[in-house]
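Here is how the chains run, residue by residue.
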Amino acid sequence: MRNSVNIGVLGLQGDIEENIICTKSAMKKARLNGEIKAVRYSEDIEKLDAMIIPGGESTVMSSLISAKVFQSIKTRISEGMPVLGVCAGMILLSKGAYDRVVGERKQNLLSALDITVERNAFGRQNDSFETYLNIPLIGKSKIRAIFIRAPVVKEIGKEVEVVAKFEDKIVAVKQNNIIGTSFHPELGDDKLFLLFVKRAFKI
Amino acid sequence: MVISVAQQESRASRSLEIRKLTIDRGTTLLKRGFARMQKHGVIMDITNVEQARIAEEAGAVAVMVLDKLPYDIRKMGGVARTASVNVIREIIDNTTIPIMAKCRIGHVSEAQLLQGIGVDMIDESEVLTPADEQRHIWKWDFTTPFVNGAKNLGEALRRIEEGCAMIRTKGEPGTGNVSEAVSHIKLVNYEIRKLHALCGDKQELIRVAREMRASFSLVEEVSRLGKLPVVNFAAGGISTPADAAFLMNLGCDGVFVGSGVFKANDASQRARAIVLATSHFNSPEIVAEAQNMIDENKSMLGLDTKNLELRMQERGPI
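Just so it is clear, the model here is predicted, and its values are computed rather than measured.

The rules behind these values
Residues numbered from 1 in each chain as written. Chains lettered and ligands numbered in written order. Predicted model: local features only at pLDDT ≥ 70, side-chain atom pairs only at ≥ 80, totals over all residues. Heavy atoms only, no water. Helix = DSSP H or I, 4+ residues; strand = E, 2+ residues; numbered from the N terminus. Buried < 20%, exposed > 50% of the residue type's maximum accessible area, 1.4 Å probe, protein only. Contact = heavy atoms within 4.5 Å. Areas by Shrake-Rupley, 256 points an atom, 1.4 Å probe, with all protein chains shown as cover. Lys, Arg positive; Asp, Glu negative; His and termini not counted. Charge placed at Lys NZ, Arg CZ, Asp CG, Glu CD. Axes fitted to C-alpha atoms, helices over the stretch in contact; angles between N-to-C directions. Parallel < 35°, antiparallel > 145°, perpendicular 65-115°, else oblique. Nonpolar A, V, L, I, M, F, W, Y, C, P; charged D, E, K, R; others polar. pLDDT = per-residue confidence, 0-100. Pairing = 2+ DSSP bridges.

1. Examining the overall build of chain A
Argument step 1. When helices and strands are counted, chain A shows 6 helices and 12 strands.
Argument step 2. Viewed in the frame of its principal axes, chain A has a C-alpha envelope of about 45 × 40 × 30 Å.
Argument step 3. The buried share of chain A, reckoned over its 203 residues, is 64%.
Argument step 4. If you take every contact in chain A between residues at least 6 apart in sequence, the share linking residues at least 24 apart comes to 67%.
Argument step 5. On chain A, roughly 7,900 Å² of surface is accessible, and the fraction owed to carbon and sulfur atoms is 47%.
Argument step 6. When the 30 positive and 24 negative side-chain charges of chain A are each reduced to one mean point, those points stand 3 Å apart.

What follows is the structure, encoded as structure tokens:
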């Protein structure tokens with residue numbers, strides 16, 4: 001176990017501060033020390049022990065991410081750095097994405113997570129919902145899951161484990177050091193952050 | 001609105017465990033959460049599907065549909081109403097990012113219509129001609145989230161009390177002049193700082209609540225948090241990347257650009273540059289790089305806010 005870690009939240013667009021606050025509270029609960037901040041440059045990403053890609057609009061993050069930052073994230077992930085992708089973050093980590101209504105749009109994706117994602121899979125904002133989810137990876141009690149114009153995982157590769165389902169749709173996955181969720185743990189329950197932080201500390 | 005899964009699904013094939021689950025839609029958390037996903041992004045005013053495409057490709061976080069851009073509303077006069085249903089539908093069917101649309105202040109039916117079409121957020125906006133001079137829409141009645149404009153903290157709190165999930169500065173729309181938006185965000189943040197300093201002093205907070213004509217509980221919440229419980233975006237007069245970065249540095253959570261993009265002669269390039277500057281607002285080198293992507297000769301000429309015939313920020317009930 002490590003004494004202190006350096007966790008970064010990709011700081012291009014989205015609910016960056018909410019993810020930072022949630023990570024901080026998870027670390028406090030677990031009595032762990034570390035630094036959490038928004039990161040935007042390769043130099044900062046190369047120093048990270050763990051990284052969160054927040055919710056927001058995946059098309060915006062795709063267009064803002066520079067080739068250099070893109071490469072640094074890919075390299076760090078392949079070296080085994082724990083990564084959490086939330087909603088748009090999961091789309092950015094995926095190898096393919098298409099919109100439920102509009103279809104495929106040219107989009108720069110990290111292709112680190114061997115999944116294909118359907119964007120806005122539950123519909124528009126009026127169809128956004130909150131519910132309780134069963135996630136055995138986290139524990140027995142159900143967690144509050146917030147789905148906002150959420151994507152779902154349509155296809156998974158051999159190495160991908162299904163972490164949670166909602167009405168037979170895959171809404172959370174894990175592939176080695178990568179976790180992706182359709183819902184927003186940073187707005188609901190911080191249990192997933194607790195798990196993620198512990199992985200960063202190699203507990 | 002609570003819909004139990006048991007009502008929706010057939011009784012068979014579902015375990016007792018799942019049947020106990022409920023799905024909640026249109027909650028305050030979902031509305032405010034949606035607004036939070038727009039943070040550090042740029043929401044662009046558009047009037048048709050081609051402009052929606054340009055905005056999406058430039059990296060807009062959402063688009064705002066209007067019948068006419070604010071600058072044209074000023075020029076043409078008359079009554080400005082919500083955009084055509086057909087146009088909004090066409091944009092919805094061809095765009096992957098969220099779609100927002102404006103309705104007139106107090107016009108409940110226009111808002112219901114926008115909710116019915118499936119718009120992701122409704123802007124109850126002073127850019128359109130107000131329909132009710134006494135009251136705003138009671139936004140708690142809707143599942144679709146709302147954004148409202150505010151010039152000061154009292155106004156922001158009264159709109160939040162009516163159920164809005166996002167605040168933006170009013171600024172002076174369609175002028176290409178940021179000065180009003182700058183004074184609005186500065187005033188709101190100054191008033192929040194003052195409230196924060198009063199944290200715990202209930203008697204003084206009650207006095208402030210009465211002065212602001214807002215509920216004590218909301219005033220106390222803001223005093224405790226030291227910030228609004230919803231996001232606050234910049235709007236009204238932003239036309240260059242530097243404008244956007246300036247307002248972000250003053251503490252805005254994101255930016256609305258109205259006439260600034262599509263009234264300029266380099267819309268696509270400018271849209272891209274404003275997105276870059278908004279994301280990297282605190283890196284002067286990248287803001288300079290963004291500013292270098294546009295040509296000042298191509299900016300909208302703009303209007304002086306001192307001698308306007310119509311001050312949109314003063315329309316409607318406050």
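2. Considerations on the packing of helix 14 (residues 267-279) of chain B against helix 15 (residues 284-292) of chain B
Residues and elements named next belong to chain B.
Argument step 1. Running from N to C, helix 14 and helix 15 point in directions that differ by 170°, and their axes come no closer than 8 Å. As far as their axial angle goes, helix 15 and helix 14 are roughly antiparallel. Of the residues in helix 15, those in contact with Ala273, Leu276 and Ala277 of helix 14 are Ile286, Val287, Glu289 and Ala290.
Argument step 2. Classifying every residue of the contact of helix 14 with helix 15 by side-chain character gives 6 nonpolar, no polar and 1 charged.

3. Points about the confidence of the model for chain B
Argument step 1. With 93% of its residues at a pLDDT of at least 70, chain B reaches an overall mean of 93.
Argument step 2. With pTM at 0.94, the complex prediction returns an ipTM value of 0.97.

4. Brief notes about the sheet that holds strand 7 (residues 146-150) of chain B
Within a beta sheet, neighbouring strands are joined by backbone hydrogen bonds and run either parallel or antiparallel to one another.
Residue and element names in this part refer to chain B.
Argument step 1. Across the sheet, 8 strands lie side by side as 9-8-7-6-5-4-3-10; this open sheet has parallel pairing. Single-partner strands in this sheet number two, and they are strand 9 (231-233) and strand 10 (255-257). Within the sheet, the average angular offset between the axes of one strand and its neighbour, ignoring direction, is 30°.
Argument step 2. Each of strand 5 (99-104), strand 6 (121-125) and strand 7 is contacted by helix 7 (residues 108-117), which is oriented at about 165° to strand 5, the strand it contacts most.

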